[in-house]
Amino acid sequence: MRTPSSTPGPASAPGQDAAGSRLSGRAAHARSAPFALLFVCQGNVARSPAAQLLAARRLAAASAAGAGIETASAGTGALVGAGIAPEIGTELAERGVDASGHRAQQLGAGLLRAADLVLVMEAEHRRWILEEWPGAVRSVFLLGTAARVLGAQRSSPATLVDAGTLPPHGAGDPTTGLPGEPASPADPLALLRAPGVRVLPEDGIADPYRRGREAARRAVARIDQCLELVLPALVSRPRSERG
């Protein structure tokens, strides 16, 4: 996950406005900076590291297209320093993913600020984050919600509005008074921020920690299915997009 850059902008060319040069340098940095994707659960020993590692594998398989996205994970109540839960590690190993290097970390303001998109496992994780950092509301969503919305857009763009999942693009939100954002198939963040998007009960991914092998198998399979729908939308996003 990247940290804010302290590198000054390029020197002004003769006759060039210095402020304009700095702005140009920042714009170039924004275009070249990786898209930072953060996964969050509670302990950061089961669901969120599984999501991070599975996403990293899928992005690596996407070659150059996936190179513009970097991943990290953290927990709202992390078992700091702990390795991945054994049953989750076993499930990942069966999928060809090595989780031996994972160490749990606590979610903090720095990680949150550095993330373009934060995908959590359950609604309670999103509530916890927004109670601590209300300003993160535009970047924190359930992984299951993101998969449902972006997957529907991918399969049939018209069905989102027709089924009432989203309002017409650009419509306002009567509960907040905020205008809606124009959305397009290439703009996944705008789709997720559209005021008609709601969290459904089935969007959550249940905690498999210490609940046995079958619970781990179900959680890892669900996470991987969600990533299959979410990652293509992020890979194909406009490169200048920034949360």
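Residues numbered from 1 in each chain as written. Predicted model: local features only at pLDDT ≥ 70, side-chain atom pairs only at ≥ 80, totals over all residues. Heavy atoms only, no water.

## Details of the overall build of the chain
Then, number 1: For the chain, the count of helices and strands is 9 helices and 4 strands.
Then, number 2: Moving toward the C terminus, one meets the helices and strands of the chain in the order α-β-α-β-α-α-β-α-β-α-α-α-α.
Then, number 3: Each of the 243 residues in the chain was classed as buried or not, and the buried ones make up 43%.
Then, number 4: Once local pairs closer than 6 in sequence are excluded, the contacts in the chain between residues at least 24 apart make up 73%.
Then, number 5: In the form shown here, the chain has an accessible surface area of approximately 11700 Å², with 55% of it arising from carbon and sulfur atoms. (Helix = DSSP H or I, 4+ residues; strand = E, 2+ residues; numbered from the N terminus. Buried < 20%, exposed > 50% of the residue type's maximum accessible area, 1.4 Å probe, protein only. Contact = heavy atoms within 4.5 Å. Areas by Shrake-Rupley, 256 points an atom, 1.4 Å probe, with all protein chains shown as cover.)

## A word on helix α2 (residues 47–61)
Then, number 1: When the terminal C-alpha atoms of α2 are compared, their 21 Å separation across 15 residues agrees well with the 21 Å that a helix rising 1.5 Å per residue should span.
Then, number 2: Arg47, Ser48, Pro49, Ala50, Ala51, Gln52, Leu54, Ala55 and Leu59 are the residues of α2 that are buried. (Expected span 1.5 Å × (residues − 1).)

## Some details on the side chain of serine 139
Then, number 1: Residue placement: serine 139 occurs in the loop between α5 (123–132) and β4 (140–142).
Then, number 2: The residues touching serine 139, leaving out its near neighbours within four places in the chain, are Asp116, Leu117 and Val118.

## Comments concerning the sheet that holds β4
Then, number 1: With parallel pairing, 4 strands are arranged side by side in an open sheet as β2-β1-β3-β4. Both edges of this open sheet fall to β2 (69–75) and β4, since each of them pairs with a single strand only. With direction set aside, neighbouring strand axes in the sheet form an average angle of 25°.
Then, number 2: In this fold α5 packs onto β1 (35–41), β3 (117–120) and β4, with an angle of close to 170° to the strand it touches most, β4.
Then, number 3: Sheet strands in contact with helix α9 (residues 213–235) are β1, β2 and β3, and its direction is about 155° off that of β1. (Pairing = 2+ DSSP bridges. Axes fitted to C-alpha atoms, helices over the stretch in contact; angles between N-to-C directions.)

## A word on the nonpolar core
Then, number 1: Grouped together as the largest cluster of nonpolar side chains are 42 residues, with contacts concentrated most on Phe39, Ile88, Leu92, Leu117, Leu119, Leu143 and Ile223.
Then, number 2: Only β1, α2, α3 (86–94), β3, α6 (143–155), α8 (188–193) and α9 provide two or more residues apiece to this core.
Then, number 3: Broken down by element, this core gets its largest block of residues, 10 residues, from α9.
Then, number 4: Look past the residues within four positions of leucine 92 in its chain and what remains in contact with it is Ala50, Leu53, Leu54, Ile84, Val97, Ala99 and Val220. (Core = buried A, V, L, I, M, F, W, Y, C linked by side-chain atoms within 4.5 Å.)

## Structural notes on the environment of isoleucine 223
Then, number 1: Along the chain, the position of isoleucine 223 falls in helix α9.
Then, number 2: Placed 173 residues apart in sequence, isoleucine 223 and alanine 50 show a C-alpha to C-alpha distance of 7.7 Å.

## A look at the environment of alanine 62
Then, number 1: In this fold, alanine 62 is placed in the loop between α2 and β2.
Then, number 2: Relative accessible area serves as the criterion here: at 30%, alanine 62 is assigned to the partly exposed category.

## Topic: the confidence of the model for the chain
Then, number 1: Of all residues in the chain, 70% have pLDDT values of 70 or greater, and the mean over the chain is 79.
Then, number 2: Across residues 3–30 the pLDDT falls below 50, and counting only partners more than four positions away or on other chains, this stretch makes 9 contacts in the model.
Then, number 3: Within the model, the stretch residues 158–183 combines pLDDT values under 50 with 41 contacts to residues more than four positions away or in other chains. (pLDDT = per-residue confidence, 0-100.)

## Digging into the pairing of β3
Then, number 1: On β3, burial covers both faces: Leu117 and Leu119 on one face and Val118 and Val120 on the other are all buried.
Then, number 2: Pairing between β1 and β3: 4 bridges, direction parallel. By the bridge assignment, phenylalanine 39 is partnered in β3 with leucine 119.
Then, number 3: As paired strands, β3 and β4 are joined by 3 bridges and run parallel to one another. By the bridge assignment, leucine 119 is partnered in β4 with phenylalanine 141.
Then, number 4: Read from β3 through α5 to β4, the crossover connection turns out right-handed. (Right-handed = clockwise from strand over helix to strand, strands pointing away.)

## Some points on the packing of α2 against α9
Then, number 1: At a minimum axis distance of 9 Å, the contact between α2 and α9 shows a crossing angle of 50°. The orientation of α2 with respect to α9, classified from their angle, is oblique. Between α2 and α9 the crossing geometry is right-handed. Residues Arg47, Ala50, Ala51, Leu54, Ala55, Arg57, Arg58 and Leu59 of α2 form the contact with α9, whose participating residues are Val220, Ile223, Asp224, Leu227, Glu228, Leu231 and Val235.
Then, number 2: Broken down by class, the residue content of the contact of α2 with α9 amounts to 10 nonpolar, no polar and 5 charged. (Parallel < 35°, antiparallel > 145°, perpendicular 65-115°, else oblique. Left-handed = near helix turned anticlockwise from the far one by under 90°. Nonpolar A, V, L, I, M, F, W, Y, C, P; charged D, E, K, R; others polar.)

## Notes on the pattern of salt bridges
Then, number 1: Here the structure, examined in full by the defined rule, presents 12 salt bridges.
Then, number 2: Between aspartate 224 and arginine 58 there is a salt bridge; the shortest N-O distance is 3.0 Å. Here aspartate 224 is found in helix α9, whereas its partner arginine 58 is found in helix α2, with 166 residues between them in sequence.
Then, number 3: By relative accessible area, which is 7% here, aspartate 224 ends up buried.
Then, number 4: A salt bridge links arginine 213 to glutamate 94, with the shortest nitrogen-to-oxygen separation between them at 2.6 Å. Note that arginine 213 is positioned in helix α9 and glutamate 94 in helix α3, a separation of 119 residues in sequence.
Then, number 5: Residue arginine 213 is classed as partly exposed on the basis of its relative accessible area, which comes to 33%.
Then, number 6: Judged by its relative accessible area of 57%, glutamate 94 is exposed. (Salt bridge = Lys/Arg side-chain N within 4 Å of Asp/Glu carboxyl O.)

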